[in-house]
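Listed here are the chains, written in short residue letters.
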Amino acid sequence: MPTDIRLMVVELLRAYKKIFKYRELEELTGLSAPGLWRYINKRIRPTKERSIELFELLTNQRIIEEILRNKLIDVGDNIINLSSIIYEIPILKILSYVAYKEFYRYNVNAVVTIEVDGIPLGVMIADVLESKLVIVRKRPDVGVKSYHQVSYIARDPPAVITLFMPSDSLKIGDRVLIVDDLLNSGRTSSALVKLIRMSGATPVGLFSIVAIGEKWRELLENEIDKIYVVLRLSR
């Protein structure tokens, strides 16, 4: 990996420490508490070889699925409350490194997300991928004169939603990762794909924290090179 894997692992361990106790981290990593303490408190860095092993472990989908399941709130009727995930900095940091692992080979130079819930994770992922961040909004910003815009019909409640993206925010040749906190019907992400293409940029990937059911596949699978969902839930 081109970025210093040792620094990434230290940041991952620091994030995990805010979720787990040292005893739990010992069981998870096989490392002693004193050794973990030295890494977490930046007394020493792990070797490159150990860092590669730890990075793979700490971004393992099964482990992160468990973290997410313990945090999300199932309201019922296919309604999921993700507030305890999307505003929890340690979890966002872990997810950002998962996104890095899955998409750094795609030469992403722009991250696109939609207000409001996608912004925190979008910021984190854009930072770790060293990419620019573009926020798509549901109303025009004051002072921005030119927009790309697209409308779609939302399911619940039924409504026509119009999305706006400043026309100069992406350029021809940009390689874009879409960040969406929740995939359900896929309509919102499909609208983002259209906005990206209006600008001449290429949507190369989509990263989502949670997906409900499989309906979103109909709209998205043939539109984007790679879709990565951390946690899939059945309807």
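Overview of the structure. All values reported here derive from a predicted model rather than from experimental measurement.

1. Quick look at the sheet that holds strand 7 (residues 175-183)
The strand order across the open sheet built from 5 strands is 4-3-7-8-9, with neighbouring strands paired in parallel fashion. The sheet is open, and its two borders are formed by strand 4 (132-136) and strand 9 (226-233), each paired with just one other strand. Put simply, the sheet's adjacent strands are angled 20° from each other on average, direction ignored. Bridge count for strand 8 (residues 202-212) against strand 9 is 7 bridges, and the pairing is parallel. Paired with Val210 across the bridge in strand 9 is Leu231. Sheet strands in contact with helix 7 (residues 89-103) are strand 7, strand 8 and strand 9, and its direction is about 135° off that of strand 8. Contacts from helix 9 (residues 187-198) reach strand 3 (110-114), strand 4, strand 7 and strand 8, with the element oriented near 165° to strand 7.

2. Describing the nonpolar core
In this structure, Tyr16, Leu95, Ile125, Leu129 and Phe207 are the most contacted members of the largest nonpolar core, which totals 53 residues. Sorting elements by how many residues they give to this core places helix 7 first, with 9 residues. Filtering out sequence-adjacent residues up to four positions away, Tyr16 remains in contact with Leu25, Leu28, Leu58, Ile63, Ile64, Ile67 and Ile94. In this structure, Val112, Val193, Ala201 and Ile224 belong to the second largest nonpolar core, which totals 27 residues.

3. Structural notes on helix 9
End to end, helix 9 covers 17 Å across 12 residues, agreeing with the expected 16 Å (1.5 Å per residue, within 8%). For helix 9, the full list of buried residues reads Ser189, Ser190, Ala191, Leu192, Val193, Leu195 and Ile196. A positive backbone phi angle near 90° is found at Gly200, which sits one or two residues after helix 9.

4. Re helix 7
A rise of 1.5 Å per residue sets the reference length of helix 7, with its 15 residues, at 21 Å; its end C-alpha atoms lie 21 Å apart and thus fit the reference within 8%. Most of helix 7 is tucked away: 13 of the 15 residues are buried.

5. Examining the packing of helix 2 (residues 22-29) against helix 3 (residues 33-40)
Packing of helix 2 against helix 3 leaves a shortest axis separation of 9 Å and a crossing angle of 100°. What the angle tells us is that helix 2 and helix 3 run roughly perpendicular. Counting all contacts with helix 2, which are made through Tyr22, Leu25, Glu26 and Thr29, the residues of helix 3 involved are Ala33, Leu36, Trp37 and Ile40. Classifying every residue of the contact of helix 2 with helix 3 by side-chain character gives 6 nonpolar, 1 polar and 1 charged.

6. Remarks on the pairing of strand 8
The buried fraction of strand 8 is high, at 10 of 11 residues. Two strands pair when backbone bridges link them, and strand 7 and strand 8 are joined in this way by 8 bridges, in the parallel orientation. For Arg175, the partnering residue across the bridge sits in strand 8 and is Thr202. With respect to chirality, the unit in which strand 7 leads through helix 9 into the neighbouring parallel strand 8 is right-handed.

7. Comments concerning the environment of Thr3
Structurally, Thr3 is set in the segment before helix 1 (5-17). Apart from the residues within four sequence positions on either side, Thr3 is in contact with Met8 and Tyr100.

8. Examining a nonpolar patch on the surface
Taken together, the side chains of Ile73, Val75 and Ile79 present a nonpolar region at the surface, about 250 Å² in accessible area. Considering the arrangement of structural elements, one finds Val75 in strand 1 (residues 73-76).

9. Focus: the packing of helix 1 against helix 7
Running from N to C, helix 1 and helix 7 point in directions that differ by 145°, and their axes come no closer than 8 Å. Regarding helix 1 and helix 7, the two cross each other, and that crossing is left-handed. Contacts between helix 1 and helix 7 involve Met8, Glu11, Leu12, Ala15 and Tyr16 from the first element and Pro90, Lys93, Ile94, Tyr97 and Tyr100 from the second.

10. A look at the packing of aromatic side chains
Per the stated rule, a full pass over the model turns up 5 aromatic pairs. When the centroid spacing of 5.9 Å and the interplanar angle of 10° are considered together, the rings of Phe207 and Tyr228 count as stacked. With a gap of 21 residues between them, Phe207 in strand 8 and Tyr228 in strand 9 connect regions that are remote in the sequence. Take Phe207 and Tyr228: they sit in the same class, and that class is buried. Above the plane of the ring of Phe103 lies Lys226, whose end atom (NZ or CZ) is 5.3 Å from the centre.

Cut-offs and rules
- Residues numbered from 1 in each chain as written.
- Predicted model: local features only at pLDDT ≥ 70, side-chain atom pairs only at ≥ 80, totals over all residues.
- Heavy atoms only, no water.
- Pairing = 2+ DSSP bridges.
- Helix = DSSP H or I, 4+ residues; strand = E, 2+ residues; numbered from the N terminus.
- Axes fitted to C-alpha atoms, helices over the stretch in contact; angles between N-to-C directions.
- Contact = heavy atoms within 4.5 Å.
- Core = buried A, V, L, I, M, F, W, Y, C linked by side-chain atoms within 4.5 Å.
- Buried < 20%, exposed > 50% of the residue type's maximum accessible area, 1.4 Å probe, protein only.
- Expected span 1.5 Å × (residues − 1).
- Parallel < 35°, antiparallel > 145°, perpendicular 65-115°, else oblique.
- Nonpolar A, V, L, I, M, F, W, Y, C, P; charged D, E, K, R; others polar.
- Right-handed = clockwise from strand over helix to strand, strands pointing away.
- Patch = residues over 30% accessible without salt bridge, like charges linked within 9 Å, V, L, I, M, F, W, Y side chains within 5 Å.
- Areas by Shrake-Rupley, 256 points an atom, 1.4 Å probe, with all protein chains shown as cover.
- Salt bridge = Lys/Arg side-chain N within 4 Å of Asp/Glu carboxyl O.
- Left-handed = near helix turned anticlockwise from the far one by under 90°.
- Phe/Tyr/Trp six-rings, centres within 6.5 Å; stacked < 30°, edge-to-face > 60°.
- Lys NZ or Arg CZ within 6 Å of the ring centre and 35° of its normal.

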